[in-house]
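Per-entry structural report
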Amino acid sequence: MEKKPFERPYIKKLQAGMPSKFGMKSQAEPITHIDNIPVSELLNDYGSPVYVISEKTIREKYKKARHAFTTRYPKVQYAWSYKTNYLDAVCRIFHQEGSWAEVVSGFEYDKAILNGVKGSQIIFNGPDKTDEDLKKAIENDSLIHIDHFDEMYSIIALSEKSGKRPKVAIRVNMDTGVYPMWDRFGFNYENGDAWDAINRIMINEKLDLVGLHTHIGTYMLTSNAYKIAAGKLADLAYGIERKYGVSIKYIDMGGGFASQNTLKGAYYPGSDTLPSFDEYAEAISSAILNSELNPRNLPILILESGRALIDDAGYLLGTVIANKRLSNGNRATIVDVGVNLLFTSFWYEHEVYPAAPVSEHLEETTIYGPLCMNIDVLREAIAFPLLKKGDHFVIKRIGAYNMTQWMQFITLRPNVVLIGLDGQVHIIRKQESMDNITEQEAVPVHLKEI
Amino acid sequence: MRLKKNIAVSDTGFVFNPTTGDSFSINQVGQEIIRLLKEEKSVEEVKSNITSVYEIDASSFEKYYFDFLSMLRQFELLDEEDEH
Ligand SMILES: Cc1ncc(COP(=O)(O)O)c(C=O)c1O
């Protein structure tokens with residue numbers, strides 16, 4: 001006789017009408033397959049834990065996000081935010097779809113070039129661009145987004161030597177009614193700094209002011225903030241046209257559209273409360289179209305969305321190491337995925353699903369990673385099925401930031417695989433080896449013998 | 001180790017403690033263990049019973065079994081007297 005699958009024995013006290021901090025939403029529905037590939041097979045073939053990225057989901061999301069804007073505004077250009085996920089295979093999917101590159105460091109800049117992106121289609125953001133970085137960007141006609149006056153004068157000095165006229169934009173920060181206000185990047189709109197920067201560039205004539213940029217924050221919960229921001233940039237663009245007779249080629253609204261993850265401490269799940277691409281697109285497009293700008297000569301609208309485009313395409317698969325009871329009687333489950341691999345668990349209450357069917361019984365659980373550190377908590381409180389040692393689970397919506405902000409702490413980083421449109425599984429970043437780490441180290445002669 | 005005598009168990013997996021008025025839901029393996037405890041089976045008997053029906057080895061089961069007993073104890077469903 002075939003034996004029945006075993007589930008940990010479990011008893012739960014019933015409390016009438018008492019919603020607990022564990023919330024009502026549960027994750028008992030298993031995720032057994034990703035793009036038709038069994039989760040068990042992925043773990044078996046590529047080890048546990050393993051990151052899985054769906055090419056299909058990336059392309060679908062991208063098309064949806066693009067469609068939301070192109071149906072409302074005539075000239076739309078996306079630029080892939082490298083910091084969100086700069087694995088080459090991922091970047092190239094976005095570039096194949098038509099995205100430019102948006103980079104914030106010399107390292108990311110070089111990666112975009114290696115990925116075959118044309119220099120003139122790289123947007124270079126960020127407060128730290130070295131002279132070497134700037135020289136390269138000027139040489140390649142890249143779009144340099146100036147963050148502060150020190151940078152502006154470095155670019156002017158470099159342009160004098162190179163004989164080229166660098167293409168620049170200024171980053172503008174502003175009050176959009178959202179707090180905290182991101183005023184540490186770029187030039188402020190309300191206090192006149194933005195105009196000051198524009199005037200200096202226009203009078204100097206060494207730089208070609210082609211764009212205006214803002215990134216008002218990240219995980220923006222209201223589309224209205226974008227409406228205010230786009231209106232302010234359009235006003236600046238109109239002012240430049242009137243004052244100098246120069247038309248700004250593009251308005252870059254940055255990133256910050258929310259993905260469907262739930263922020264820590266949020267009362268409702270993210271998927272119920274967040275604006276859609278259509279709502280963001282409506283807010284931004286209408287603000288520019290309703291501005292004073294000449295409708296026959298509108299600037300290109302650039303978008304640098306990161307998390308909203310890639311979060312859904314990423315999964316992190318892992319295995320239960322042990323179950324424990326804490327001193328207060330609460331349940332704890334220890335898994336082989338820690339905050340080293342899931343940096344975003346500091347911000348999000350990530351959804352964790354069993355990888356095989358389970359009973360409807362859920363236990364209030366804390367999910368800990370394996371790091372031997374107190375901060376290593378994936379979920380403080382989740383109503384979770386009765387998984388036991390060796391059972392597999394799937395963490396959903398982890399495509400953004402985890403594969404760039406991960407830490408090599410007490411262990412090596414695992415495989416990252418892509419499920420291609422061809423239905424095949426491709427390793428796009430190999431599991432690290434001891435050699436990868438020790439190759440970078442050197443032991444002085446007097447320490448050779450121990 | 002015995003279940004308190006007055007504990008009522010329904011076929012659908014609900015447990016009621018008339019002394020405290022508490023009620024509980026239990027999953028399938030839990031129900032079977034409760035049934036065996038009602039029949040005053042020993043640890044060894046519970047073990048061999050469960051491992052013959054379910055896909056689990058004896059030593060893994062033992063760990064989950066003792067954990068389950070500690071939950072029953074926490075909810076005051078066990079008769080501890082004859083332990084001494
Ligand atoms: C300048 C800039 N653009 C784009 C992004 C991407 O943001 P998000 O992933 O929230 O869309 C960021 C992230 O911080 C950023 O700083």
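Everything that follows concerns the structure shown earlier in this document.
Here's a quick rundown of the structure.

**With respect to empty space enclosed by the protein**
Residues and elements named next belong to chain A. Across all of its chains, the model carries one cavity of 30 Å³ or more by this definition. What the largest cavity holds in volume is close to 40 Å³. Lining the largest cavity are Val172, Asn173, Met174, Met181, Trp182, Thr214, His215 and Ile216. Looking at the lining of the largest cavity, its residues break down into five nonpolar, three polar and no charged.

**Section: unusual backbone geometry**
Each neighbour pair has its own omega, and for Ser48(A) with Pro49(A) the value is -5°, a cis peptide bond. Within the secondary structure, Pro49(A) sits in the loop between α1 (39–46) and β4 (50–54). Its identity is not glycine, yet Asn36(A) carries a phi of approximately 70°, on the positive side. Here Asn36(A) lies in the loop between β2 (33–34) and β3 (37–38). Given a relative accessible area of 73%, Asn36(A) falls into the exposed group. A positive phi is found at Glu76(B), a non-glycine position, where the angle reads about 60°. Along the chain, Glu76(B) falls in the loop between α3 (58–74) and β5 (78–79). We classify Glu76(B) as partly exposed; its relative accessible area is 48%.

**Focus on the environment of Leu158(A)**
Residues and elements named next belong to chain A. Mapped onto the elements, Leu158 comes out in helix α6 (residues 149–162). When the C-alpha positions of Leu158 and Asp131 are compared, they lie 7.8 Å apart, and in sequence the two are 27 residues distant. Setting aside chain neighbours within four positions, we find Leu158 in contact with Asp131, Leu134, Lys135 and Ile138.

**Re the interface of chain A and chain B**
Between chain A and chain B, the residue contacts involve 22 residues of the former and 30 residues of the latter. Where chain A abuts chain B, roughly 2300 Å² becomes buried across the two surfaces, and 59% of that area is made up of carbon and sulfur atoms. At the boundary of chain A with chain B, the tally comes to four salt bridges. Between Glu32(B) and Lys4(A) there is a salt bridge, and its shortest N-O distance comes to 3.9 Å. Put simply, chain A and chain B have 15 residue pairs in polar contact (both at pLDDT 80 or more) between them. Broken down by secondary-structure element, the contributors of at least two residues to the side of chain A that touches chain B are β1 (11–13) and β14 (314–325) of chain A. Sort the elements by how many residues they give to the side of chain A that touches chain B and β1(A) lands first, with three residues. The class makeup of the residues in the side of chain A that touches chain B is seven nonpolar, four polar and 11 charged. Here β1(A) runs beside strand β4 (residues 22–26) of chain B; their pairing, made up of three bridges, is antiparallel.

**As for the nonpolar core**
Residues and elements named next belong to chain A. Membership of the largest hydrophobic core comes to 104 residues, with the highest contact counts inside it found for Phe69, Ile170, Met253 and Ile284. For this core, the element with the highest residue contribution is helix α8 (residues 224–244), accounting for nine residues. Counting the residues that make up this core, at least three belong to each of domain 1 (33–53 + 313–431) and domain 2 (55–311). Residues in contact with Ile170, not counting those within four places in the same chain, are Ile146, Phe187, Ala194, Ala197, Ile198, Ile201, Leu209, Gly211, Leu212 and His213.

**Notes on the packing of α6(A) against helix α7 (residues 193–204) of chain A**
Residues and elements named next belong to chain A. Viewed as axis vectors pointing N to C, α6 and α7 meet at an angle of 10°, and their least axial separation amounts to 12 Å. As judged from the angle between their axes, α6 and α7 are roughly parallel. Of the residues in α7, those in contact with Phe149, Met152, Tyr153 and Ile156 of α6 are Asp193, Asp196, Ala197, Arg200, Ile201 and Asn204.

**Observations regarding the site of the ligand**
Residues and elements named next belong to chain A. In the vicinity of the ligand lie 16 residues, with Thr218, Gly256, Glu304, Gly306 and Tyr401 positioned nearest. At 3.5 Å from an oxygen atom of the ligand is found a side-chain nitrogen or oxygen belonging to His215. At 2.4 Å from an oxygen atom of the ligand is found a side-chain nitrogen or oxygen belonging to Thr218. For the ligand, whose accessible area on its own is 400 Å², the fraction buried by protein is 93%. For the shell around the ligand, the per-class residue count stands at one nonpolar, 10 polar and five charged.

**Some thoughts on α1(A)**
All names here are of chain A. For α1, the full list of buried residues reads Val39, Leu42, Leu43 and Tyr46. Along the long axis of α1, the arc covered by the buried residues comes to 95°, so they all point the same way. A positive backbone phi angle near 90° is found at Gly47, which sits one or two residues after α1.

**What to know about a nonpolar patch on the surface**
All names here are of chain A. A grouping of Phe346, Met373, Ile375, Met407, Phe409 and Ile410 is seen on the molecular surface, where their side chains present a nonpolar patch of about 530 Å² in accessible area. With respect to the helices and strands, the residue Ile410 is situated in the loop between α12 (402–405) and β20 (416–419). Residue classification places Ile410 among the exposed residues on the basis of a relative accessible area of 58%.

**Regarding the side chain of Ser99(A)**
All names here are of chain A. Looking at where Ser99 falls in the secondary structure, it is placed in the loop between α3 (88–96) and β6 (100–103). You can call Ser99 buried: its relative accessible area is 5%. Residue contacts for Ser99: discarding those within four places in its chain leaves Tyr62, Gln77, Tyr78, Ala79, Trp80 and Phe94.

**Some details on the packing of aromatic side chains**
Residues and elements named next belong to chain A. Under the criterion given, the structure shown has 25 aromatic pairs over all chains. With a centroid separation of 6.5 Å and 70° between ring planes, the pair formed by Phe257 and Phe277 is classed as edge-to-face. Within this pair, whereas Phe257 is found in the loop between β12 (250–252) and α9 (270–273), its partner Phe277 is found in helix α10 (residues 277–289), the two being separated by 20 residues in sequence. Residue Phe277 is classed as buried on the basis of its relative accessible area of 11%.

Conventions adopted
Residues numbered from 1 in each chain as written. Chains lettered and ligands numbered in written order. Predicted model: local features only at pLDDT ≥ 70, side-chain atom pairs only at ≥ 80, totals over all residues. Heavy atoms only, no water. 1 Å grid on protein atoms, 1.4 Å probe; cavity = no way out; pocket = protein on both sides within 12 Å on 5 of 7 lines; lining within 4 Å. Points joined across faces, edges and corners; volume = space filled by probe spheres on them. Nonpolar A, V, L, I, M, F, W, Y, C, P; charged D, E, K, R; others polar. Helix = DSSP H or I, 4+ residues; strand = E, 2+ residues; numbered from the N terminus. Buried < 20%, exposed > 50% of the residue type's maximum accessible area, 1.4 Å probe, protein only. Contact = heavy atoms within 4.5 Å. Buried area = accessible area lost by both parts, 1.4 Å probe. Salt bridge = Lys/Arg side-chain N within 4 Å of Asp/Glu carboxyl O. Polar contact = N/O pair within 3.5 Å; in protein donor to acceptor, adjacent residues only side chain to side chain. Pairing = 2+ DSSP bridges. Core = buried A, V, L, I, M, F, W, Y, C linked by side-chain atoms within 4.5 Å. Domains from an automatic or database assignment. Axes fitted to C-alpha atoms, helices over the stretch in contact; angles between N-to-C directions. Parallel < 35°, antiparallel > 145°, perpendicular 65-115°, else oblique. Near = heavy atom within 4 Å. Areas by Shrake-Rupley, 256 points an atom, 1.4 Å probe, with all protein chains shown as cover. Arc of directions from axis to C-beta. Patch = residues over 30% accessible without salt bridge, like charges linked within 9 Å, V, L, I, M, F, W, Y side chains within 5 Å. Phe/Tyr/Trp six-rings, centres within 6.5 Å; stacked < 30°, edge-to-face > 60°.

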